[in-house]
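In case you want the letters, here they are:
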Amino acid sequence: MNLIVAADRNWGIGRKGRLLVTIPNDHKFFREETMGKVVVYGRKTLQTFPQGMPLRGRVNIVLSRDTSFGVKGAETVHSLEELKRVLKPYPSADIYCIGGESIYRQLLPWCDTAHVTRIDQNYEADAFFPDLDRDPCWKMTADSDEQTYFDIAYTFCRYERKAGRISLT
């Protein structure tokens, strides 16, 4: 399973339910990487999408503890066991965890590739992603040249798990 995230220097990913910053090339990368694939995310992340609707051109799966929650255009699951069953037919390489903070933390043990847009800024964040640079199970295996959007410098990085992934099967 993959994950995709944009994080600042302190691995901050959001504040008050919103992204820390909007970078058009990051959104383009996200679209290109996930189009036609399976995206797994939480209910709060869904609420940040345009009109609070699932993403077009992808299989959308929402993980929510709220058993009464459901949304047209997405499958809703209420536990990790249920998520495992729903994901079973899909190749692991076609599945992307896309947030938010609690979903990343729950699914990180299942992931073997992390696509991280590293933003060279410190924002005031209240949601964070685990620091993969300090995690001995992860190694950065690729990074782009530094890019800029106005005064914001960022790089696209790929991290790969060295060991310890939990299998979906």
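Residues numbered from 1 in each chain as written. Predicted model: local features only at pLDDT ≥ 70, side-chain atom pairs only at ≥ 80, totals over all residues. Heavy atoms only, no water.

Asker: Could you give an account of the packing of aromatic side chains, naming the residues involved and the relevant values?
Answerer: Each aromatic ring pair is specified by the distance between its two centres and by the angle formed by the two planes. On inspection of all chains with the given rule, the structure shows seven aromatic pairs. Taking the centre distance of 4.8 Å and the plane angle of 75 degrees together, the rings of tyrosine 149 and phenylalanine 150 count as edge-to-face. You can call tyrosine 149 partly exposed: its relative accessible area is 29%. For phenylalanine 150, a relative accessible area of 72% corresponds to the exposed category. These aromatic residues form a ring-pair network of at least three members: Trp11, Tyr104, Phe129 and Tyr159. A cation sits over an aromatic face here: arginine 118 above tryptophan 11, 4.0 Å from the ring centre. (Phe/Tyr/Trp six-rings, centres within 6.5 Å; stacked < 30°, edge-to-face > 60°. Buried < 20%, exposed > 50% of the residue type's maximum accessible area, 1.4 Å probe, protein only. Lys NZ or Arg CZ within 6 Å of the ring centre and 35° of its normal.)

Asker: Provide a residue-level description of the pattern of salt bridges, including the pertinent values.
Answerer: A side chain with one charge may pair with a side chain of the opposite charge, provided their charged atoms come close. Summed over all chains, the structure comprises eight salt bridges. Notably, a salt bridge pairs glutamate 32 with lysine 28, separated by 3.9 Å at the nearest N-O pair. In this pair, glutamate 32 and lysine 28 both sit in helix H1 (residues 24–34), four residues apart, roughly one turn of the helix. Taking the relative accessible area as the measure of exposure, glutamate 32 reaches 55% and is therefore exposed. In this structure lysine 28 comes out as partly exposed when scored by relative accessible area, which is 42%. (Salt bridge = Lys/Arg side-chain N within 4 Å of Asp/Glu carboxyl O. Helix = DSSP H or I, 4+ residues; strand = E, 2+ residues; numbered from the N terminus.)

Asker: Give a detailed account of the side chain of arginine 58, specifying residues and quantitative values.
Answerer: Residue position: arginine 58 is located in the loop between helix H2 (43–47) and strand S5 (59–63). Here arginine 58 occupies a buried position and makes no salt bridge, while the nearest side chain of opposite charge, glutamate 32, is found at 10 Å. Of note is the side chain of arginine 58, whose polar atom sits 2.8 Å from the side chain of threonine 34. With near-sequence residues (within four places) excluded, arginine 58 lies in contact with Phe30, Arg31, Thr34, Met35, Gly36, Lys37 and Val39. (Lys, Arg positive; Asp, Glu negative; His and termini not counted. Polar contact = N/O pair within 3.5 Å; in protein donor to acceptor, adjacent residues only side chain to side chain. Contact = heavy atoms within 4.5 Å.)

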